[in-house]
Amino acid sequence: MKKILITGASGFIGSFIVEEALRRELEVWAAVRPTSSRKYLQDTRIRFIELDFGSEEKLTEQLRGHDFEYIVHAAGATKCLHRKDFFRTNTEGTKHLVRAILRLSMPIEKFVYISSLSVFGPICEQQPYREILESDTPHPNTAYGESKLQAEEFLENYSPSSNTSPTGGQGSLPYVILRPTGVYGPRERDYFLMAKTIKNHTDFAVGYKQQDITFVFVKDLVQAVFLALERGRPGRKYFISDGKAYQSSTFSRLVRRELGSPWWIRLTVPVWGLRVVTFFGEYIGRLTGTISALNNDKYNIMKQRNWRCDISPAVKELGYKPQYDLERGVKETIKWYKDNEWL
């Protein structure tokens with residue numbers, strides 16, 4: 001039985017990866033923090049390990065004695081109070097993990113890093129929009145995207161011999177990078193807030209210029225993770241979506257339908273209006289120590305007009321076949337929210 005380590009296991013995406021790994025009868029190790037909720041990690045077959053990504057030395061000691069064939073690095077920060085926190089978690093945490101496992105000479109067959117389409121930023125926005133290609137040059141415009149890109153670049157450029165600390169390890173890391181677009185599904189909280197707003201009779205759009213957005217249902221992303229573990233060529237990077245592009249209003253209409261079509265008011269906010277809201281949201285968040293959903297990164301994400309991406313390499317090389325278009329995914333998601341009394 002092969003052993004798999006899943007970081008960020010208590011999170012939205014990580015918990016689904018754990019479930020699929022158990023279904024495949026792998027020996028599953030869930031990396032968590034002492035404060036992590038284990039609400040969706042109740043299966044008695046799960047083995048837990050507490051990891052401190054803030055220190056390469058601590059990680060090395062915590063991982064000593066373990067040999068994992070597979071590692072899926074899904075841990076990361078999507079919202080932070082301060083810009084530097086994205087890099088501390090997403091970039092430095094990844095560096096510490098990679099250096100630790102190479103120091104320990106683990107027999108890694110595949111290391112899958114879950115990055116983000118956000119590493120590219122607002123490119124290809126000349127209408128008609130074209131798909132972002134892996135050959136395009138990334139220009140992230142969010143701290144989140146920058147931190148993920150720096151982690152990607154570390155994986156691409158790192159070799160044990162360049163590490164200034166004593167490694168004791170040999171060889172390189174057989175990594176595969178996945179760049180999913182907006183991930184939604186049961187247990188997810190950001191899109192849930194949109195659904196809750198619609199249930200309360202209001203919907204918001206940002207900007208008047210056409211916006212093409214893309215989605216991937218969490219179970220399709222999990223499919224891509226295990227295909228990458230099985231078939232991904234080391235060093236490859238794959239965009240992951242459901243293969244379609246939608247107008248910004250499509251998600252709202254589908255959510256409203258699944259909620260029983262409550263009356264609503266749809267408001268389109270100019271980009272400058274969103275900028276004002278997110279500016280004060282960020283400022284208030286820092287004053288109160290509470291991370292706001294309306295922050296500077298969110299502003300740059302919502303004003304971006306083109307989120308199309310080319311998933312053909314994942315389809316051809318991995319055999320990736322999305323099972324959920326937005327209509328099917330929203331139906332399953334809203335049903336879960338209702339069944340679990342979120343809505």
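Look a little higher up for the structure.
Residues numbered from 1 in each chain as written. Predicted model: local features only at pLDDT ≥ 70, side-chain atom pairs only at ≥ 80, totals over all residues. Heavy atoms only, no water.

(A) Molecular detail of the packing of aromatic side chains. Considering all chains together, one arrives at 20 aromatic pairs under this definition. Put simply, the rings of Tyr184, Tyr191, Phe215, Phe217, Tyr246, Phe251 and Tyr324 touch in pairs and so form one group of aromatic residues. Stacked on the ring of tyrosine 40, the Lys or Arg arginine 187 has its end atom at 4.5 Å from the ring centre. (Phe/Tyr/Trp six-rings, centres within 6.5 Å; stacked < 30°, edge-to-face > 60°. Lys NZ or Arg CZ within 6 Å of the ring centre and 35° of its normal.)

(B) Structural detail: the pattern of salt bridges. Applying the stated criterion to the full structure yields 30 salt bridges. With a shortest N-O distance of 4.0 Å, arginine 38 and glutamate 50 are connected by a salt bridge. Here glutamate 50 lies in strand β3 (residues 47–50) and arginine 38 lies in the loop between β2 (27–32) and β3, a separation of 12 residues in the sequence. A relative accessible area of 32% means that arginine 38 is categorised as partly exposed. Under the relative-accessibility criterion, glutamate 50 is labelled partly exposed at 40%. Close ionic contact of aspartate 190 with lysine 79 constitutes a salt bridge, the shortest N to O distance being 3.2 Å. One end of the pair, aspartate 190, is in helix α5 (residues 190–199); the other, lysine 79, is in the loop between β4 (70–73) and α3 (83–103), with 111 residues separating them in the sequence. For lysine 79, a relative accessible area of 29% translates into the label partly exposed. Residues joined in a network through salt bridges with shared partners are Glu20, Arg23, Arg24 and Glu230. (Salt bridge = Lys/Arg side-chain N within 4 Å of Asp/Glu carboxyl O. Helix = DSSP H or I, 4+ residues; strand = E, 2+ residues; numbered from the N terminus. Buried < 20%, exposed > 50% of the residue type's maximum accessible area, 1.4 Å probe, protein only.)

All we've got here are geometric facts, nothing functional implied.
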